[in-house]
Amino acid sequence: QVQVVESGGGLVQPGGSLRLSCVVSGRYYSIYAMGWYRQAPGKQGDLVAAITGGGSTNYADSAKGRFTISRDNAKNTVYLQMNRLKPEDTAVYYCNASIYDSLYRYLEVWGQGTLVTVSS
């Protein structure tokens, strides 16, 4: 069974920074891509940033220039460095891993989420 576990959320003041981490564990063949999504209270969840195994990245317009997604393939970990945080960044952030399992089936696995609160 494949698991995805996020960490690094918390309370930060506007203009501050946080780094989220997401680790994939379990038995699988390969990780195709990983991404961060967020859902604010009462709103639809949206993609924040994603990265493929080859390092190609994709960002939401709201994240461009402030957030950076990176990946350590050796550690099966993806990071989201968030700078110049704004109150509207407040949300539960979820990590998603698109993987091929040990039977070469394509699966998407989600973490439990980590809360980021931007407030003074």
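Summarised in this report is the structure supplied together with it.

Conventions adopted
The numbering scheme is per chain: residues are counted from 1 as the chain's sequence reads. pLDDT decides what is reported in this predicted model: residues at 70 or higher carry local features, side-chain atom pairs at 80 or more are listed and counted, and totals for whole chains, interfaces and linings draw on all residues regardless. The side-chain numbers reported here are obtained from all heavy atoms of the structure, hydrogens and water having been left aside. Candidate patch residues must exceed 30% relative accessible area and have no salt bridge, after which like charges are joined if within 9 Å and Val, Leu, Ile, Met, Phe, Trp or Tyr side chains if within 5 Å. In this description, accessible areas are obtained by the Shrake-Rupley approach with a 1.4 Å probe, and a residue is regarded as covered only by the protein chains that are shown. One side-chain nitrogen of Lys or Arg within 4 Å of one carboxyl oxygen of Asp or Glu is enough to make a salt bridge. The way it works is that DSSP assigns letters per residue, a run of H or I at least four long becomes a helix, a run of E at least two long becomes a strand, and they are numbered from the N terminus. The buried label goes to any residue with under 20% of its type's maximum accessible area, the exposed label to any with over 50%, and the partly exposed label to all in between, with areas taken from a 1.4 Å probe on protein chains only. Working definition: a ring pair exists when centres of Phe, Tyr or Trp rings (six-membered ring for Trp) sit within 6.5 Å. Plane angles under 30 degrees give stacked, over 60 give edge-to-face, the rest tilted. In this description, contact between two residues means that some pair of their heavy atoms is separated by no more than 4.5 Å. Paired strands, in this sense, are two strands between which DSSP finds at least two bridges.

## Topic: a nonpolar patch on the surface
Then, number 1: On the surface, Tyr29, Tyr32, Tyr100, Tyr104 and Tyr106 cluster together into a nonpolar patch covering about 600 Å² of accessible area.
Then, number 2: Summarising the element assignment, Tyr100 is placed in strand S9 (residues 91-100).
Then, number 3: Taking relative accessible area as the criterion, Tyr100 reaches 32% and is therefore assigned partly exposed.

## A few points about the packing of aromatic side chains
Then, number 1: Tallied over the entire structure, the rule returns three aromatic pairs.
Then, number 2: Both rings, one in Tyr100 and one in Tyr106, keep their centres 5.6 Å apart while their planes meet at 65°; by these two values the pair is edge-to-face.

## Some thoughts on the environment of Ala33
Then, number 1: Among the structural elements, Ala33 can be located in strand S4 (residues 30-39).
Then, number 2: Distance from Ala33 to Gly55, taken between C-alpha atoms, is 9.0 Å for residues 22 residues apart in sequence.
Then, number 3: Residues contacting Ala33, with those up to four places away along its chain left out, are Ile51, Thr52, Arg71, Asn96, Ala97 and Ser98.

## Some words on the pairing of strand S1 (residues 3-7)
Successive residues of a regular strand alternate their side chains across the two faces of the sheet.
Then, number 1: Alternating positions in S1 separate cleanly, Val4 and Glu6 being buried on one face and Gln3, Val5 and Ser7 remaining unburied on the opposite face.
Then, number 2: Taken together, the five bridges between S1 and strand S3 (residues 18-25) define a ladder with antiparallel strand orientation. The residue bridging Val5 from the neighbouring strand is Val23, located in S3.

## Comments concerning unusual backbone geometry
Then, number 1: For Asn76, which is not a glycine, the phi torsion comes out positive at approximately 55°.
Then, number 2: Mapped onto the fold, Asn76 is located in the loop between strand S7 (67-72) and strand S8 (77-82).
Then, number 3: By relative accessible area, Asn76 is classed as partly exposed at 26%.
Then, number 4: At Arg84, a residue that is not glycine, the phi angle is positive and equals roughly 50°.
Then, number 5: Position of Arg84 among the secondary structure elements: in the loop between S8 and S9.
Then, number 6: On the basis of relative accessible area, Arg84 is assigned to the partly exposed category, the value being 49%.

## Description of the environment of Gly15
Then, number 1: For Gly15, the position within the fold is in the loop between strand S2 (10-12) and S3.
Then, number 2: Taking the C-alpha atoms as reference, Gly15 lies 9.1 Å from Pro87; in sequence the two are 72 residues apart.
Then, number 3: Setting aside residues no more than four positions away along its own chain, Gly15 makes contact with Arg84 and Leu85.

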